Amino acid sequence: MTEGHVWVPFDLLEAFMVDVFKGVGVPDDDARVCADVLIGADKRGIDSHGVGRLKPIYYDRIVKGGIQKPVTDFEIVRDRKATAVVDGHDGMGMVVGRRCMEMAIAKAREHGLGMVVARNSTHYGFAAYYALMAVEAGMIGLTGTNARPSIAPTHGVENMLGTNPLVFAMPTDEEFAFTNDYATSIIQRGKIEQYAREGKPCPEGLVVDLEGRTETDSVKILEDLVRGRSALAPIGGLSEETGGHKGYGFATVVEILSAALSQGAFLKQLGGRDAQGEEVPIPLGHFFMAVDVECFTDLDSFEKTTGDILRALRASRKAPGKERIYTCGEKEHLAWLERRDKGAPVDSTVQQELLAMRDELGLPYTFPFEQV
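Asker: Describe the nonpolar core, naming the residues involved and giving the relevant values.
Answerer: By size, the foremost hydrophobic cluster in this structure holds 68 residues, and its most contacted members are Phe16, Phe21, Leu54, Met101, Tyr130 and Leu354. When residues of this core are assigned to their parent elements, the largest contribution, 9 residues, is made by helix H4 (residues 93-111). The contact partners of leucine 354, leaving out residues within four places of it in the chain, are Leu13, Phe16, Val51, Leu54, Val346, Phe367 and Phe369. Grouped together as the second largest cluster of nonpolar side chains are 13 residues, Ile192, Tyr195, Ile221 and Leu222 included.

Asker: Residue-level account of the side chain of arginine 189, with values.
Answerer: Mapped onto the elements of the fold, arginine 189 is located in helix H6 (residues 189-198). The side chain of arginine 189 sits in the buried core without any salt bridge; glutamate 193 is the nearest counter-charge, 6.1 Å away. From its side chain, arginine 189 meets the backbone oxygen of proline 149 in a polar contact 2.8 Å long. Within the structure, the side chain of arginine 189 is placed 2.9 Å from the side chain of serine 150, a separation counted as a polar contact.

Asker: Requested: an account of a nonpolar patch on the surface, with residues and values cited.
Answerer: A cluster of nonpolar side chains, namely Tyr326, Leu334, Trp336 and Leu337, defines an oily patch on the protein surface of about 310 Å² accessible area. With respect to the helices and strands, tyrosine 326 occurs in the loop between helix H9 (299-315) and helix H10 (330-339). On the accessibility criterion, tyrosine 326 (35% relative accessible area) is partly exposed.

Asker: Describe the environment of alanine 233, naming the residues involved and giving the relevant values.
Answerer: Among the secondary structure elements, alanine 233 is positioned in the loop between strand S9 (230-232) and helix H8 (244-259). With a relative accessible area of 0%, alanine 233 lands in the buried category. Taking C-alpha positions, alanine 233 is 9.0 Å from threonine 184, a pair spaced 49 residues apart along the chain. Leaving out residues up to four positions away in the same chain, alanine 233 has contacts with Ser185, Ile186, Gly205, Leu206 and Leu238.

Asker: Please give an account of the packing of aromatic side chains that cites residues and values.
Answerer: For the structure on display, the rule yields 11 aromatic pairs. With a centroid separation of 6.1 Å and an interplanar angle of 35 degrees, the aromatic rings of phenylalanine 10 and tryptophan 336 are classed as tilted. Taken together, the residues phenylalanine 10 in helix H1 (residues 10-23) and tryptophan 336 in helix H10 connect sequence positions 326 residues apart. Taking relative accessible area as the criterion, phenylalanine 10 reaches 6% and is therefore assigned buried. Both rings, one in phenylalanine 21 and one in tyrosine 58, keep their centres 6.2 Å apart while their planes meet at 70 degrees; by these two values the pair is edge-to-face.

Asker: Can you break down the packing of helix H2 (residues 28-43) against H4 residue by residue, with the values?
Answerer: Running from amino to carboxyl end, H2 crosses H4 at an angle of 90 degrees, the nearest separation of the two axes being 9 Å. Between H2 and H4, the crossing angle belongs to the class labelled roughly perpendicular. On H4, the residues that touch Asp30, Val33, Cys34 and Val37 of H2 are Met94, Val95 and Arg98. A class-by-class count of the residues in the contact of H2 with H4 yields 5 nonpolar, no polar and 2 charged.

Here is what the cut-offs are and how they apply
Residues numbered from 1 in each chain as written. Predicted model: local features only at pLDDT ≥ 70, side-chain atom pairs only at ≥ 80, totals over all residues. Heavy atoms only, no water. Core = buried A, V, L, I, M, F, W, Y, C linked by side-chain atoms within 4.5 Å. Buried < 20%, exposed > 50% of the residue type's maximum accessible area, 1.4 Å probe, protein only. Helix = DSSP H or I, 4+ residues; strand = E, 2+ residues; numbered from the N terminus. Contact = heavy atoms within 4.5 Å. Lys, Arg positive; Asp, Glu negative; His and termini not counted. Salt bridge = Lys/Arg side-chain N within 4 Å of Asp/Glu carboxyl O. Polar contact = N/O pair within 3.5 Å; in protein donor to acceptor, adjacent residues only side chain to side chain. Patch = residues over 30% accessible without salt bridge, like charges linked within 9 Å, V, L, I, M, F, W, Y side chains within 5 Å. Areas by Shrake-Rupley, 256 points an atom, 1.4 Å probe, with all protein chains shown as cover. Phe/Tyr/Trp six-rings, centres within 6.5 Å; stacked < 30°, edge-to-face > 60°. Axes fitted to C-alpha atoms, helices over the stretch in contact; angles between N-to-C directions. Parallel < 35°, antiparallel > 145°, perpendicular 65-115°, else oblique. Nonpolar A, V, L, I, M, F, W, Y, C, P; charged D, E, K, R; others polar.

Everything listed here is a matter of coordinates, which is why it stays silent on function.
Here you go:
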């Protein structure tokens, strides 16, 4: 744990987040969904998408920016047997996301496959939350979302594509699902935000400026990304020789599925600033798919084969000096085992943000870090 972090129980953080969301106008049931998504990230060790984003991504956008609506108008604009299109009207992305995946699961239960796309939504938290909803229903889950411009195309330096995660989750016979939850860039904004809070530089080679030079100042990178002066490298890096065109291609796939099917906003339309530099809504698009395994084979057999594949991968020959091989979702499971009795590590910046929201809303909470 980094110096300055204090462990805060999950129950306390989740209850606080529910009350914060309610305090800014989010209805009770929706507030619980939003808090569940954020605390879910902290439980899995995804600190870049947990409580640390409560204030800058949600609270401030509702209270200070006025660019996100606390009450979600969930409109179904097109509904077919196995598919649907939803408009979130700049409401809470977590609420839009959960309801969309619930629809996809229900359609898959009836038709074998279900796919729902959303437009005019907002940041929906860590993407695996929705894919894992399908796993809990005995299905394969798939989701993705576009985001504010961050990634430069291969051979380019202008940030055009979002970090655009493409996430799958599949049931196994192990204690954890196979889950590949990561961005299509080498590093995502949330990780750079975490570096900035901790006063750490960004590793070299992950971010470039308009001259193609690498940037490492985390605070400056965040400012430059908003102003279009920095760009993230796609998975694979900045050149075709290292496979950067593959990450660029996957990021583009996510952009198309998030925007073209729903006829939503894309690329620079998601910049969050108007021509005068004023903040405006960031109308994100998402897509959600559920696949009913039982339409192909029985669930037990699928889980056993999937588990056998993962166990064989972990048992394969290791590189010299390496203690173990992991499979997707395993590290998040291990993080939960480590954290379940301790809670989430909250750094000094987030501590001050929690206190500021508490005091502004007049909430009756006391945190462990106030006694340290």
